Amino acid sequence: MVEECVFCKIRKGEIPSTTLYKDDEFMIIKDINPQAKVHLIAIPTDHVPYIDMMTQEGTALLGKIMGKISHMQEELGITEGYRLLINQGENAGQTVNHLHIHILGGEKLKDF
Ligand code: 5GP
Ligand code: ZN
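None of the values given here were measured: they were computed from a predicted structure.

(A) The overall build of the protein, seen in detail. Tallying secondary structure elements over the protein gives four helices and five strands in all. Taking 2.2 N^0.38 as the reference for a compact globule, 112 residues should give roughly 13 Å; the C-alpha atoms of the protein span a radius of gyration of 14 Å, in line with that estimate. If you line up the protein on its principal axes, its C-alpha atoms span 40 × 30 × 25 Å. The 112 residues of the protein split such that 38% are buried. Summarising the internal contacts of the protein: among those between residues at least 6 apart in sequence, 54% fall at separations of at least 24. Of the roughly 7100 Å² that the protein leaves accessible, carbon and sulfur atoms contribute 51%. In the protein, which carries 11 positive and 16 negative side-chain charges, the distance between the mean positions of the two groups comes to 5 Å.

Quick look at the structure:
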């Protein structure tokens, strides 16, 4: 099945994005509507809509992505601290149904 979601299109280069990192498994891009001074999104290549649909392999990849983020703080501009966030479903406000991790930082973030 050919996926037509916005993140799959970004992956294929059909929609432009500012890409900070890309390998076969995932990419990190700038969010188009930043909610903090630095607002990036890490997007696994495979189209899995929700975190509650993740396989064990997919979950392992999420851990790998988090490790990569922690090793890229300098390049990502988040050395003073950052917040990782995943929205699951409607109540959380998920708008793109292709699982992704928000990376927020670059300034003192508001408390929840
Ligand atoms: P969600 O609300 O699903 O957790 O997050 C989706 C995020 O994707 C939002 O923060 C939104 O600004 C971002 N987004 C939606 N469309 C695009 C796009 O075309 N390009 C980029 N770079 N970000 C997008
Ligand atoms: Zn997708």
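(B) Representation of the pattern of salt bridges in the model. Here the structure, examined in full by the defined rule, presents three salt bridges. In this structure, Glu4 engages Lys9 in a salt bridge whose closest nitrogen and oxygen atoms are separated by 3.9 Å. Under the relative-accessibility criterion, Glu4 is labelled partly exposed at 48%. Under the relative-accessibility criterion, Lys9 is labelled partly exposed at 26%. Salt-bridge contacts for Glu25 lead to Lys64; the nearest nitrogen and oxygen are separated by 2.5 Å. Here Lys64 lies in helix α2 (residues 56-71) and Glu25 lies in the loop between β1 (19-22) and β2 (26-30), a separation of 39 residues in the sequence. Exposure remark for Glu25: the relative accessible area of 31% places this residue in the partly exposed category. Under the relative-accessibility criterion, Lys64 is labelled partly exposed at 47%.

(C) Representation of the nonpolar core within the structure. Ile28, Ala42, Ile65, Ile69, Leu76 and Ile103 are the most contacted members of the largest nonpolar core, which has 17 residues in total. The element best represented in this core is α2, accounting for four residues. Cys5, Phe7, Ile41 and Ile43 belong to the second-largest nonpolar core, a separate cluster that totals nine residues.

(D) Main features of the site of ligand 1. As a matter of local geometry, ligand 1 sits amid 16 residues, with Lys30, Asp31, Asn87, Thr95 and His102 nearest to it. A distance of 2.8 Å separates a nitrogen atom of ligand 1 from a polar atom in the backbone of Lys30. Between ligand 1 and the protein, one listed contact pairs an oxygen atom with a backbone N or O atom of Thr95 at 2.7 Å. The protein chains hide 84% of the 520 Å² of surface that ligand 1 would expose on its own. When atom positions are compared with the pocket grids, ligand 1 is found to occupy the largest pocket.

About the criteria used
Residues numbered from 1 in each chain as written. Chains lettered and ligands numbered in written order. Predicted model: local features only at pLDDT ≥ 70, side-chain atom pairs only at ≥ 80, totals over all residues. Heavy atoms only, no water. Helix = DSSP H or I, 4+ residues; strand = E, 2+ residues; numbered from the N terminus. Rg over C-alpha atoms; globule rule 2.2 N^0.38 Å. Buried < 20%, exposed > 50% of the residue type's maximum accessible area, 1.4 Å probe, protein only. Contact = heavy atoms within 4.5 Å. Areas by Shrake-Rupley, 256 points an atom, 1.4 Å probe, with all protein chains shown as cover. Lys, Arg positive; Asp, Glu negative; His and termini not counted. Charge placed at Lys NZ, Arg CZ, Asp CG, Glu CD. Salt bridge = Lys/Arg side-chain N within 4 Å of Asp/Glu carboxyl O. Core = buried A, V, L, I, M, F, W, Y, C linked by side-chain atoms within 4.5 Å. Near = heavy atom within 4 Å. Polar contact = N/O pair within 3.5 Å; in protein donor to acceptor, adjacent residues only side chain to side chain. 1 Å grid on protein atoms, 1.4 Å probe; cavity = no way out; pocket = protein on both sides within 12 Å on 5 of 7 lines; lining within 4 Å. Sits in = over half its atoms within 2 Å of the grid points.

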